[in-house]
Amino acid sequence: MQEWQIVLPEKKHKKKFFGNLLEEVIKPAICSHCTACAAICPVKGITAGDRPIDFPNWLKDCVDCGACVKVCPRWDYRPLGGVGSYIEMFSARSKRFLGQDGAMVTEFTATALEEGIVERAIFVARDEEWRTRTVSIIDPEQLKNRKITGTKYSFADVLPAVKEAVLDSKAVAFVGTPCMISALRKMQRSFRKFERVKLAIGLFCTENFYHSQLSEFLAKKGVAMKDVLKTDIKKGKFIVKKADGEITFPVKELDGIIPPGCKVCQDFSAVEADVSVGSVGSEAGFSTVLVRSDIAKRIADAIRARGYAEFRDASLEAVKKLCDYKVKIHPYPPKKEG
Ligand SMILES: Cc1cc2nc3c(=O)[nH]c(=O)nc-3n(C[C@H](O)[C@H](O)[C@H](O)COP(=O)(O)OP(=O)(O)OC[C@H]3O[C@@H](n4cnc5c(N)ncnc54)[C@H](O)[C@@H]3O)c2cc1C
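This is a predicted model, so every value here is computed, not measured.

Calculation notes
- Residues numbered from 1 in each chain as written.
- Predicted model: local features only at pLDDT ≥ 70, side-chain atom pairs only at ≥ 80, totals over all residues.
- Helix = DSSP H or I, 4+ residues; strand = E, 2+ residues; numbered from the N terminus.
- Rg over C-alpha atoms; globule rule 2.2 N^0.38 Å.
- Buried ≥ 20, exposed ≤ 12 C-beta atoms within 10 Å, placed from the backbone.
- Contact = placed C-beta atoms within 7 Å.
- Pairing = 2+ DSSP bridges.
- Near = placed C-beta within 6 Å.
- Nonpolar A, V, L, I, M, F, W, Y, C, P; charged D, E, K, R; others polar.
- Domains from an automatic or database assignment.
- Axes fitted to C-alpha atoms, helices over the stretch in contact; angles between N-to-C directions.
- Core = buried A, V, L, I, M, F, W, Y, C linked by C-beta atoms within 7 Å.
- Arc of directions from axis to C-beta.

Engineer: Mind showing me how you'd approach the overall build of the chain here?
Structural biologist: Scanning the chain from N- to C-terminus turns up 10 helices and 11 strands. Radius of gyration (C-alpha) of the chain: 19 Å, near the 20 Å computed for a compact globule of 338 residues. A principal-axis box enclosing the C-alpha atoms of the chain has dimensions of 55 × 45 × 35 Å. Taken over 338 residues, the chain has a buried fraction of 45%. Sequence-distant contacts, at least 24 apart, represent 70% of the contacts inside the chain between residues at least 6 apart.

As structure tokens, then:
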């Protein structure tokens, strides 16, 4: 295999490859918005951001290389699910960083940087309006910034940033939702450069949102994004923390703005990650951690040895319950309406 050369996938339509992606993934509304296609497109024609994936001039500009189809986790889609295999599972809280839950995503990244296991990590930060932007972390001190840690319930162009990172650095970490982790594995199978991703940290995930739709929804509830300090989904409730109090409503109310691509996803626990992290299965202020690969185990052992985190038992039952629930509520192929 050459560095950037691939075996072409089989076309299902007599169109350029992006036309195939359009027919098989985008039009049937199973696209996860993982942004792998936008990352890999050699002419940078595929657009992501806060809108559905598109390639405005594909008829003319698509060079028909097949890379977008090759890396798409929804091409020939076979949903993954369950808790997956893991070496160890625990609940923990970083003693050094503050994050969404126990800041264990941040702790894993900081320790990986300090141990020289990775040179840089791609994180998702936010601006005042909670719009996402990717940042490249090379120094654990950057992780003290609370706009860099913590969950943003909006899509982010993570994989294009990962692509830039692997061009520059030999050992990269990144944090992503389960669809991004599956896309990364496909990228690694086709393009050697992505073997430079040494640590893929997966987040537990039920759904994500377009920023514009979420902020419009919250505006109707009287919440301006710039006043939000933290958002969270816990026990079926969406929680918005502001300086002057908290508003809570059932996640069900967001049904109308859950992107259709999330509604066919059954992977709650990011089964293909090196380490998966979420809140389900732990008490408040702690993260549930599933260590899946040897590299993640090395990092977990270093965190323990250095006393960087407080450890407890996590509830496997609680994680299993959410994994099963996601399969149940997101059937694939999707049930026909009516
Ligand atoms: C869209 C979404 C839905 C989620 N749903 C659930 C759920 O249903 N149940 C559950 O238990 N956990 C869920 N999580 C995970 C949970 O919210 C926490 O991120 C997780 O527990 C890790 O907490 P922490 O304190 O260890 O992370 P921190 O140390 O605070 O680090 C958080 C990391 O998440 C990254 N990140 C934030 N937003 C995004 C984003 N939009 N896309 C990619 N990366 C991002 C940041 O770069 C940062 O690295 C979800 C996360 C996301 C992004």
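From this point, things continue past the structure.
Engineer: How should I be thinking about the pairing of strand 6 (residues 228-234) in this particular structure?
Structural biologist: Where a strand is regular, its side chains alternate between the two sheet faces. In this sheet, strand 7 (residues 237-242) lies alongside strand 6 in antiparallel orientation, the contact comprising 6 bridges. Its bridge partner being in strand 7, Lys234 is matched across the sheet by Lys237. The turn joining strand 6 and strand 7, which pair antiparallel and follow one another in sequence, is formed by 2 residues; a positive phi near 50° is taken by Lys235.

Engineer: Where do I start with the site of the ligand in this structure?
Structural biologist: Every one of the 33 residues lining the ligand counts as a neighbour, but Gly99, Val105, Thr106, Phe123 and Gly278 are closest to it. Put simply, the parts of the chain that give the shell around the ligand at least two residues each are helix 5 (104-114), strand 2 (120-126), strand 4 (172-176) and strand 9 (275-278). Ranked by residue count, the leading element in the shell around the ligand is helix 5, at 3 residues. Residues of the shell around the ligand, tallied by class, amount to 15 nonpolar, 16 polar and 2 charged.

Engineer: Can you walk me through the domain arrangement of the chain in this structure?
Structural biologist: By a widespread convention, an interface's size corresponds to the accessible area lost as its parts come together. Taken domain by domain, the chain consists of domain 1 (17-71), domain 2 (88-209 + 257-329) and domain 3 (211-256). Here the C-alpha centre of domain 2 lies 25 Å away from the C-alpha centre of domain 1. The interface is formed by 16 residues belonging to domain 1 together with 18 residues belonging to domain 2. Where the side of domain 1 that touches domain 2 is concerned, the elements lending two or more residues are helix 2 (36-40) and helix 4 (67-71). With 4 residues, helix 2 is the largest single contributor of residues to the side of domain 1 that touches domain 2.

Engineer: Would you take a moment to explain the sheet that holds strand 10 (residues 287-291) for this structure?
Structural biologist: For sheets, the rule is that strands pair by backbone hydrogen bonds, running either parallel or antiparallel. The strand order across the open sheet built from 8 strands is 3-2-4-5-9-10-1-11, with neighbouring strands paired in mixed fashion. In this open sheet, the two edge strands, each paired with only one partner strand, are strand 3 (132-137) and strand 11 (309-312). Ignoring strand direction, the axes of neighbouring strands in this sheet form an average angle of 30°. Alignment of strand 2 against strand 4, held across 3 bridges, turns out to be parallel. From the neighbouring strand, Ala121 faces strand 4, where its bridge partner is Ala173. Relative to strand 1 (residues 88-94), helix 5 is tilted by about 90°, and along the sheet it contacts strand 1, strand 2, strand 3, strand 4, strand 5 (197-203), strand 9, strand 10 and strand 11.

Engineer: Sorry, what's going on with unusual backbone geometry here?
Structural biologist: Of all residues except glycine, most have a negative phi; of all peptide bonds, most are trans. In this model, Tyr332 is joined to Pro333 through a cis peptide bond whose omega is 0°. Looking at the element boundaries, Pro333 is found in the segment after helix 10 (316-329). One non-glycine residue, His33, lies in the positive phi region at around 60°. Counting through the fold element by element, His33 comes out in the loop between helix 1 (17-26) and helix 2. In the Ramachandran plot, Trp130 falls in the positive-phi region, its phi being about 70° despite a non-glycine side chain.

Engineer: How should the nonpolar core be read in this particular structure?
Structural biologist: Most often, soluble globular proteins have nonpolar side chains that are buried together. In terms of nonpolar packing, the biggest core is built from 90 residues, with Ala36, Cys37, Cys68, Val162, Phe174 and Ile201 touching the most fellow members. Split by domain, this core shows at least three residues from each of two domains, domain 1 (17-71) and domain 2 (88-209 + 257-329). If sequence neighbours within four positions are ignored, Ala36 has contacts with Val71, Cys72, Leu159, Ala183 and Met187.

Engineer: Explain helix 8 (residues 211-220) here, please?
Structural biologist: The α-helix advances 3.6 residues per turn, and as a result positions three or four apart in sequence lie on the same side. Residues of helix 8 that are buried: His211, Leu214, Ser215 and Leu218. Projected down its long axis, helix 8 carries its buried residues within an arc of 95°, all on one side. Along helix 8, exposed side chains directed more than 90 degrees from the buried face belong to Glu216 and Lys220. The inward-facing, buried residues of helix 8 contact strand 3 and strand 7.

Engineer: Any chance you could explain the sheet that holds strand 6 here in plain terms?
Structural biologist: Reading across from one edge, 6-7-8 is the order of the 3 strands in this open sheet, with antiparallel pairing throughout. Sheet topology places strand 6 and strand 8 (245-250) at the edges, where each strand pairs with a single neighbour. The mean angle between the axes of side-by-side strands here comes to 15°, regardless of whether they run parallel or antiparallel.

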